[in-house]
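Observations on chain architecture
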Amino acid sequence: RNDVRDVVRSISSFENENFEHSPSIMILKSIIHACNMAICESNNLPPETAVHILSALAKPLNTLAAHYKQHPSSNANTVLKQSLQSLYKVCERINSVYDT
């Protein structure tokens, strides 16, 4: 798991890059989209892999959100919205499992 987290963080880091047109934002956008699809398509608890990858992206997402506050962009907006939607779905599914 730590290896996966390290790889995901490395390929989506924003060190010394133009955020809007960086390879990191495009990679992050693809990863978040894939996690979002996996989480939204599951009927029960979301796949552990998708949740793990999403949680591994907390640091890059925080960096992106801090930059977005000063320099809004459509790519950053998409990534941040999808990641929050995924997090919401995960929490909603967990709550529904324990409510029954």
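Residues numbered from 1 in each chain as written. Predicted model: local features only at pLDDT ≥ 70, side-chain atom pairs only at ≥ 80, totals over all residues. Heavy atoms only, no water.

Contact pair helix α3 (residues 48-56) / helix α4 (residues 58-70): the axes reach a minimum separation of 5 Å and the direction vectors enclose 50 degrees. Relative to α4, α3 is oriented oblique. Here α3 contributes Leu54, Ser55 and Ala56 to the contact with α4, which in turn contributes Ala58, Lys59 and Pro60. Grouping the amino acids of the contact of α3 with α4 by side-chain chemistry returns 4 nonpolar, 1 polar and 1 charged. (Axes fitted to C-alpha atoms, helices over the stretch in contact; angles between N-to-C directions. Helix = DSSP H or I, 4+ residues; strand = E, 2+ residues; numbered from the N terminus. Parallel < 35°, antiparallel > 145°, perpendicular 65-115°, else oblique. Contact = heavy atoms within 4.5 Å. Nonpolar A, V, L, I, M, F, W, Y, C, P; charged D, E, K, R; others polar.)

Over its 13 residues, α4 runs 19 Å from end to end, which matches the ideal 18 Å to within 8%, given 1.5 Å per residue. By the burial criterion, the buried members of α4 are Pro60, Leu61 and Leu64. With its buried residues spanning 95 degrees around the axis, α4 presents them on a single face. Summarising the geometry of α4, the exposed residues directed more than 90 degrees from the buried face are Lys59, Asn62, Ala66, Lys69 and Gln70. (Expected span 1.5 Å × (residues − 1). Buried < 20%, exposed > 50% of the residue type's maximum accessible area, 1.4 Å probe, protein only. Arc of directions from axis to C-beta.)

Interpretation in functional terms is not warranted from these geometric data alone.
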